[in-house]
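# Report on the structure
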Amino acid sequence: MEIKEYSEQFSREGCQGKHLALKSESFKLIEEGKARVMVPVIKDESFPPRRSPVFYNPAMKFDRDLSVCLLNSLLNGGEVLDPLCGTGIRGIRYVLETPLEKGILNDVSPMAFRVSRRNVELNSLSEKLSVRRRDANALMHCIVESGRRIDAVDVDPYGSPVKYISSATRVLRRRGILMITCTDTSSLMGTYPRVSLRRYSCWIPRTEFREELACRALVQFVIREGAKQDVFLKPIFSYVGKHYLRAFFCLESGARKVDKALKMVDFLDYDPKSGRTSLGEGRIGPIWLGPLFSKEHLKIALDWIESKGEYLGIKVKGFIKAALLEENDPPFYYDLHLLHSRFKGRCPAMGELIEKLRENGFRASRTLFSPTGIRTDCEIDELKRIWRAISHC
């Protein structure tokens, strides 16, 4: 069925309520990955996606591509649940492009329900994807009560995901994959510390490594939510996009694993004047201090994209390669510009400083969290000595 016919059907069916009245030009047909979906037309680029007839964010295409790549490295089959599906594009792409064979799309919005159902039909997936219209937590509770478990759950709300994490954890089967998007970045990056304390049970002020600190705050909350159910939600990959955080977890059962993981949840002390950090003390946190990346799974993801996923483009491939080159510890990085303001002298190039650190026996790399960030196990005083040695060359 062509786009005009679909638009006419949407107009005839109609829907009551603000922002829900549809005209024939309200939707357009797009292709993303292997999917063809109807999405709302947003004429003004500054127009918030949440105010469109159905939630759809074209800027998240990279994240959807990356999610497809990672799921191909993490799963061999099963069922997916998208409890806040909007247009249904995530669930549709997962069934078309990953080993996941079937799934459930859900959205409490009546218009999102209609649009996602149309998009399922458009991709000939009616026998593989069911579409529901329920509260997300209520749906996940019903699935748990029925005795079913899901292999992959993607929680992608507008704002904070905290109220969905407990239900999403309960509905996951062992070795299942939990994917979480968080768009209330202002609270997790230190703009509103009291909000982070209220929502995520951690105190997060402004720091030079705010992007990574935000991810570690989100990860600690998810791990502690899983711990309440005696399961370890192992971090697989976490990163920061434009106005959002994204984190992937693999559910592992066993109280001992949970106890071991909780030892990696602790506090941080940070002196903004010197840049000095101390783990296990201070008032920032609690945060996750363990690895944010699973290099094992990232290598599998890179192999997959090189053999079968080239259609996703070079951006995803380059992102995974950059993650593999980054040191997994210690937590947090130094910002090159702030180092220059502290140490003075000539500011070395990023590559030059990394090379000198390695020559002096330290681990050092760039970081995905900041284009001007350097991750190294070199203490701040020794880093100052190396910097000044470079400056006087």
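This is a predicted model, so every value here is computed, not measured. (Residues numbered from 1 in each chain as written. Predicted model: local features only at pLDDT ≥ 70, side-chain atom pairs only at ≥ 80, totals over all residues. Heavy atoms only, no water.)

## Remarks on the sheet that holds strand S15 (residues 370-376)
Pairing in this open sheet of 3 strands is antiparallel, and the strands run S13-S15-S14 from one edge to the other. Bordering the open sheet on either side are strand S13 (334-335) and strand S14 (364-367), each of which pairs with just one other strand. When S13 meets S15, the two strands line up antiparallel, connected through 2 bridges. Note on S15: the bridge partner recorded for aspartate 335 is glycine 373. (Pairing = 2+ DSSP bridges. Helix = DSSP H or I, 4+ residues; strand = E, 2+ residues; numbered from the N terminus.)

## Observations regarding the packing of aromatic side chains
By the definition in use, this model includes 12 aromatic pairs. Ring centres 5.1 Å apart and planes at 75° place the aromatic pair phenylalanine 209 and tyrosine 270 in the edge-to-face group. Highlighted residues: phenylalanine 209 in the loop between helix H8 (193-200) and helix H9 (210-227) and tyrosine 270 in strand S10 (residues 265-270), separated in sequence by 61 residues. What makes phenylalanine 209 buried here is its relative accessible area of 1%. Seen in terms of ring centroids, phenylalanine 237 and tyrosine 239 are 5.5 Å apart; in terms of plane orientation they differ by 35°. Their pairing is tilted. With respect to burial, phenylalanine 237 and tyrosine 239 carry one shared label: buried. (Phe/Tyr/Trp six-rings, centres within 6.5 Å; stacked < 30°, edge-to-face > 60°. Buried < 20%, exposed > 50% of the residue type's maximum accessible area, 1.4 Å probe, protein only.)

## Concerning the confidence of the model for the protein chain
Reading fine detail from the predicted coordinates is not recommended where pLDDT is low. Chain-level statistics for the protein chain give a pLDDT mean of 91 and a share of 91% at 70 or above. Long-range and interchain partners of residues 1-8, a stretch whose pLDDT sits below 50, account for 14 contacts in this model, where long-range means more than four residues apart. In the predicted structure, residues 10-24 sits below a pLDDT of 50 and forms 24 contacts with residues beyond four places in sequence or in another chain. (pLDDT = per-residue confidence, 0-100. Contact = heavy atoms within 4.5 Å.)

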